[in-house]
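Overview (structure and organization)
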Amino acid sequence: MSMTITEKILARAADKAVVMPGENIWVKADILLTHDICGPGTIGVFQREFGRDAKVWDRERVVIIPDHFIFTKDEMSHRNVEGLRTFAREQALPYFYDPGTPTYKGVCHVALPQEGHVRPGEVIFGTDSHTCTHGALGAFATGIGNTDAGFVMGTGKLLIKVPPTLRFTVSGLKPDYIMGKDIILRIIGDIGFEGATYCAMEFRGDAIAALAIEERMTICNMAIEAGGKNGIIAPDEKTLAYVRARTPKPFTPLYSDPDCAVAKDYTYDVATFEPCVAKPHSPAEYAPARELKDVKLDRAYIGSCTGGKLTDFIAAAVILQGKRVSVDTFLVPATQEVATGLATEKINGEALTNIFKNAGCLDIAPPSCAACLGGPPDTFGRTHGREVVISTTNRNFLGRMGSKDAPIYLASPLTVAASAVTGRITDPREFL
Amino acid sequence: MAGKKKSVISNQQSAISNPKSAIIRSRVYVVGDNIDTDQIIPAQHLNLVPTIPAEYRKLGALALSGLPADYPPFIKRGAAQAEYGIIVAGRNFGCGSSREHAPIALGAAGIRAIVAESYARIFFRNAIATGEQYPCETAANLRTVFQTGDEAEIRLDREEFVHVKSGKVFKLKSLGAVMPVVSAGGLFAYARKTGMITA
Ligand code: SF4
């Protein structure tokens, strides 16, 4: 029987020949990812249920990447990271990326693939809703809670329901001013904030194939903003090259059968896409950027697992080179690898770090989630008042970046950079 | 600590472990559509670890503190728990983050059940896996009938939700395939019962 890529991966992980949408199956996890927010509670559940001396099911497959509350004076946050440290030592975990040491990475969803833990055809569970990011490399990846994660930690398995697939085909030649962010914001705007609840969102077509891996990650990252269980893009040569450069571990890519059945098909011509934003307070509040010229901004923010990758900073730098920002502009590279890239990557011979400095951006922060989710009061970039923010992050919920009075507009790094220059929401085509 | 967690489940014995005979009667707190996890428990409080009993209680005292200011207070100033045992919600309750702190904060605040038009997937799953509360669903728009403070009764055996004052009865959707997990009392209990884990 023909199956989608999501169904095939789950069938393999369940040792079954065939699985059907709606079926509840026990699947084997290839990777369990956790961080400093949900790791302590997950470990709490694991030790409560399996015993204080229990060992994780496979220490090579438990990856702990603290990233949320790192650069803060908050004592409780430090205590939580210390708890992770103790656990990693007791369990002799090889993949604990410890803050304050050279192994520290930054945001888990960018670090996980960069460190070679994401492989096509595999199953990844993570205690974070944006775990769906990793479908960009042809894996099945989804977010779970602490109780489920505690269960995986002890058994390596989880009972899950096979999701029906919504398939999005985006064809045509992608214009330079359109980024992955514009594609996914438009799709979420169309299907709604809960338009993909329980479903797999599979993306394909020439416009998707043309995207760099990091841009594909932006798209899959936001599947959860439509309620999706996972986002997924079939692996291609770019995927295989990315993965092989980062891990020697073997893997078996899987692909949708050409005649597989899906719950719903959506087709788009990428030429109809425009640089856009999501208005407060929902990622589904789609509007073309050009229609919001009157929205005056106080702040621009470039960072997070969605919009803090090297491609995101390159896009912003293309706009900002030789110009000055007119609002406070916060830059937070997602990971150490991205931070290094900012110094080495050049446009017209000028390093990105210099482009941003000369444009008047605030000093680049060390990699972490920072103000993407507000966080402790001393978090870099956190809102405290009525700041109007345009951001490359993924959520603009009420209070998401700290203050309930600070409205957040989500956009691509091109649009955020163009808006930082003018101080109003601006279509980047004005500068390209 | 096992003690705290077990007591949470056993308080709700009638709700979670034995749905066929359960009746939950309480005052309701009414919220709108798309109540996201940042409104249920704002991110700055995620430094609290739910498996530590004192922090579990603190999460309860902070539940729904991210709601817009025009909502009536969910928890009275200085109180540890809400006066409500049931939340009435619209569509897509619990959307956003996978933080289990969300159903836990509501459970610690005394919420034993939610009746919503629909749920975000991870919240629904976390409510069941933790056994913190019963995520009931109904096709009806309850917000034309229920106001915060109204008395309500959930009859799990008959899959009914009753507005006590008016006597109006709303049909709850069946929990279907997750029923065995709910009946067992959460993911771990279910896995033990079905032999997936032995300890
Ligand atoms: S960067 Fe933002 S969305 Fe991504 S993991 Fe961190 S807090 Fe979550």
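The model shown is predicted, which means the values in this text are computed figures rather than measured ones.

**Quick notes on the pattern of salt bridges**
Residues and elements named next belong to chain A. Applying the stated rule across the entire model yields 40 salt bridges over all chains. A salt bridge links D257 to K8, with the nearest nitrogen and oxygen atoms 2.9 Å apart. Separated by 249 residues along the polypeptide, D257 in the loop between α9 (237-244) and β10 (264-269) and K8 in helix α1 (residues 5-13) bring together distant segments of the chain. Between D15 and K28 there is a salt bridge whose closest N-O contact spans 3.2 Å.

**Concerning the pairing of strand β6 (residues 160-163) of chain B**
All names here are of chain B. Burial along β6 is two-sided: the residues E160 and V162 and F161 and H163 are all buried. Direction of pairing for strand β5 (residues 151-155) relative to β6: antiparallel, over a ladder of 4 bridges. By the bridge assignment for β6, I154 is matched with F161. The antiparallel hairpin formed by β5 and β6 contains 4 residues in its connecting segment, where E159 sits at a positive phi of about 55°. Taken together, the 4 bridges between β6 and strand β7 (residues 168-171) define a ladder with antiparallel strand orientation. Directly across from E160, in β7, lies its bridge partner K171. A loop of 4 residues connects β6 with β7, the two strands running antiparallel in sequence, and G167 in this loop sits at a positive phi of about 75°.

**Details of the layout of surface pockets**
Volume-wise, the largest pocket comes out at about 690 Å³. Along the wall of the largest pocket there are 32 residues; nearest its centre are K161(A), Y198(A), F124(B), I128(B) and V178(B). Of all the secondary structure elements, the ones that give two or more residues to the lining of the largest pocket are β5 (140-143) and β6 (157-161) of chain A together with α6 (121-130), β4 (134-137), α7 (179-184) and α8 (187-193) of chain B. Among the elements that take part in the lining of the largest pocket, α6(B) stands out by supplying 5 residues, more than any other. Its residues placed into classes, the lining of the largest pocket shows 17 nonpolar, 6 polar and 9 charged. Within this model, the second largest pocket holds a volume of roughly 340 Å³. Lining the second largest pocket are 17 residues; nearest its centre among them are P40(A), I43(A), G44(A), Q47(A) and T51(B). Only α2 (39-50) and α3 (75-91) of chain A provide two or more residues apiece to the lining of the second largest pocket. No other element matches the 7 residues that α3(A) contributes to the lining of the second largest pocket. Of the residues assigned to the lining of the second largest pocket, the class counts are 7 nonpolar, 6 polar and 4 charged.

**Focus: the packing of helix α6 (residues 180-191) of chain A against helix α8 (residues 213-221) of chain A**
Residue and element names in this part refer to chain A. For the pair α6 and α8, the least separation of the axes is 8 Å and the interaxial angle reads 20°. On the basis of the axis angle, α6 is roughly parallel to α8. Read as a crossing pair, α6 and α8 show a hand that is right-handed. Taken together, the residues of α8 that come into contact with α6 (itself represented by G180, K181, I183 and I184) are E215, T218 and I219.

**Observations regarding the domain arrangement of chain A**
All names here are of chain A. Domain boundaries assigned for chain A yield domain 1 (5-268) and domain 2 (276-430). Inter-centroid distance (C-alpha atoms) of domain 1 to domain 2 is 24 Å. Taken together, the 40 residues of domain 1 in the interface contact 40 residues of domain 2. Across the domain 1 to domain 2 interface the summed buried area is about 3200 Å²; carbon plus sulfur atoms make up 64%. At the junction of domain 1 and domain 2, the tally comes to 2 salt bridges. Between E337 and R246 there is a salt bridge; the shortest N-O distance is 3.3 Å. There are 22 residue pairs in polar contact (both at pLDDT 80 or more) connecting domain 1 and domain 2. The element contributing the most residues to the side of domain 1 that touches domain 2 is α6, with 6 residues. Along the lines of polarity and charge, the residues of the side of domain 1 that touches domain 2 split into 16 nonpolar, 12 polar and 12 charged.

What counts as what
Residues numbered from 1 in each chain as written. Chains lettered and ligands numbered in written order. Predicted model: local features only at pLDDT ≥ 70, side-chain atom pairs only at ≥ 80, totals over all residues. Heavy atoms only, no water. Salt bridge = Lys/Arg side-chain N within 4 Å of Asp/Glu carboxyl O. Helix = DSSP H or I, 4+ residues; strand = E, 2+ residues; numbered from the N terminus. Buried < 20%, exposed > 50% of the residue type's maximum accessible area, 1.4 Å probe, protein only. Pairing = 2+ DSSP bridges. 1 Å grid on protein atoms, 1.4 Å probe; cavity = no way out; pocket = protein on both sides within 12 Å on 5 of 7 lines; lining within 4 Å. Points joined across faces, edges and corners; volume = space filled by probe spheres on them. Nonpolar A, V, L, I, M, F, W, Y, C, P; charged D, E, K, R; others polar. Axes fitted to C-alpha atoms, helices over the stretch in contact; angles between N-to-C directions. Parallel < 35°, antiparallel > 145°, perpendicular 65-115°, else oblique. Left-handed = near helix turned anticlockwise from the far one by under 90°. Contact = heavy atoms within 4.5 Å. Domains from an automatic or database assignment. Buried area = accessible area lost by both parts, 1.4 Å probe. Polar contact = N/O pair within 3.5 Å; in protein donor to acceptor, adjacent residues only side chain to side chain.

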